[in-house]
Amino acid sequence: MQIVALSGSSRTQSFNTALLRAAASLAAAPARIEVRTIAGIPLYDGDVEQAQGLPEAVVALKDEIAASAGLVIATPEYNNSLPGPLKNAIDWCSRPMSDQARVFGGKPVALCGAAPGRGATALAHVAWLPVFRVLGLRYWPHGQLMVPAAHEAFGDDGGLRDEKLRERVRAFADGFAAFCAESAAVPSADR
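Residues numbered from 1 in each chain as written. Predicted model: local features only at pLDDT ≥ 70, side-chain atom pairs only at ≥ 80, totals over all residues. Heavy atoms only, no water.

A. Quick look at the overall build of the protein. Counting its secondary structure elements, the protein contains eight helices and six strands. Along the protein, from the amino end to the carboxyl end, the secondary structure elements read β-α-β-α-α-β-α-α-β-α-β-β-α-α. Whereas a compact globule of 191 residues would reach a radius of gyration of roughly 16 Å, the protein reaches 16 Å, a difference of no more than 12%. Overall, the C-alpha framework of the protein stretches about 50 × 35 × 25 Å when taken along its three principal axes. Evaluated residue by residue, the protein yields a buried proportion of 45% over its 191 residues. Intrachain contacts of the protein at a sequence separation of at least 6 include 79% that bridge at least 24 residues. In the protein, 18 positive and 19 negative side-chain charges are present, and the distance between their average locations comes to 4 Å. (Helix = DSSP H or I, 4+ residues; strand = E, 2+ residues; numbered from the N terminus. Rg over C-alpha atoms; globule rule 2.2 N^0.38 Å. Buried < 20%, exposed > 50% of the residue type's maximum accessible area, 1.4 Å probe, protein only. Contact = heavy atoms within 4.5 Å. Lys, Arg positive; Asp, Glu negative; His and termini not counted. Charge placed at Lys NZ, Arg CZ, Asp CG, Glu CD.)

As structure tokens, then:
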């Protein structure tokens, strides 16, 4: 079962990308978490879409999400809300509107995030909920994973320093994989 995990940061040393890599390494089979970032996705421009179609990076991400059993989004929190670059990537993936159901319709989605502050990414998590509703994503509310003081949680190699956090990440990955499996067993008309 393939799950796409999208990091909302393009930074090389991103805490959110490190968090997804940890989840990918800890997830139990048969789940396979594929970590992706927003790197290479340009700012949305309707004129570009109309004249040239979707950028290759967007098409590739859309197709991966559409073929996956679920989507995990690792969201940074910018100014107490969702980050513009990550929202931009999701906006591109929602184009054209006629393709939204194929990419997002009924797809399980989970949120996680790591940030230096004490509140981690709690406000960004809340800000994503209306976006998920509009796109028809099936939000998994039981497993939010937020890592405060991220600069202390990860080592220089990007690995998790704390065994308790490692267990939380493992539980998050395995819990979401179970939610994806349950969702696949429910007929789409009943979702």
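Now that the structure has been shown, the text picks up again.
B. Up close: the pattern of salt bridges. All chains considered together, the criterion is met by 10 salt bridges. Between Asp91 and Lys87 there is a salt bridge, with its nearest N and O atoms 2.8 Å apart. Taken as a pair, Asp91 and Lys87 lie in helix H4 (residues 84–93) at a separation of four residues, close to a single helical turn. The exposure class assigned to Lys87 is partly exposed, which follows from its relative accessible area of 24%. One continuous salt-bridge network, built from bridges that share partners, spans Arg32, Glu34, Arg36 and Glu64. (Salt bridge = Lys/Arg side-chain N within 4 Å of Asp/Glu carboxyl O.)

C. Focus on the environment of Ser7. By secondary structure assignment, the location of Ser7 is in strand S1 (residues 2–7). With 37 residues separating them along the chain, Ser7 and Tyr44 place their C-alpha atoms 18 Å apart. The residues contacting Ser7, other than those within four sequence positions of it, are Ser14, Asn16, Thr17, Leu20, Arg36, Thr37, Ile38 and Ala74.

D. Main features of helix H1 (residues 15–26). End to end, H1 covers 16 Å across 12 residues, agreeing with the expected 16 Å (1.5 Å per residue, within 8%). Packed against the buried residues of H1 are S1, strand S2 (32–37), strand S3 (70–74), strand S4 (108–114), strand S6 (145–147) and helix H8 (163–185). For H1, the side-chain oxygen to backbone nitrogen distance between the N-cap and Asn16 is 3.1 Å, and the N-cap itself is Ser14. (Expected span 1.5 Å × (residues − 1). Polar contact = N/O pair within 3.5 Å; in protein donor to acceptor, adjacent residues only side chain to side chain.)

E. Representation of the state of the cysteines. All told, the structure shown has zero disulfides when counted by the stated rule. Sulfur of Cys93: no disulfide; nearest cysteine sulfur belongs to Cys112 and is 17 Å away. There is no disulfide at Cys112, and the cysteine sulfur nearest it, in Cys180, is 13 Å away. (Disulfide = S-S within 2.5 Å.)

F. Spotlight on the pairing of S4. Within S4, seven of the seven residues are buried, leaving the element largely enclosed by the surrounding structure. Side chains of S4 alternate between two faces, with Pro108, Ala110, Cys112 and Ala114 and Val109, Leu111 and Gly113 buried alike. Looking at chain direction, S3 and S4 are connected through four bridges and run parallel. By the bridge assignment, Ala74 is partnered in S4 with Cys112. Judged from the two bridges that link them, S4 and strand S5 (residues 138–139) form a sheet pairing that is parallel. (Pairing = 2+ DSSP bridges.)

G. Seen up close, the packing of H4 against helix H6 (residues 122–135). Two elements in contact, H4 and H6, have axes separated by 12 Å at closest approach and are oriented at 5 degrees. The angle between the axes of H4 and H6 places the two elements in the roughly parallel class. Contact residues: H4 offers Leu86, Lys87 and Ile90, while H6 offers Trp128, Val131 and Leu135. The residue makeup of the contact of H4 with H6, split by class, is five nonpolar, no polar and one charged. (Axes fitted to C-alpha atoms, helices over the stretch in contact; angles between N-to-C directions. Parallel < 35°, antiparallel > 145°, perpendicular 65-115°, else oblique. Nonpolar A, V, L, I, M, F, W, Y, C, P; charged D, E, K, R; others polar.)

The values are spatial; any link to function lies outside them.
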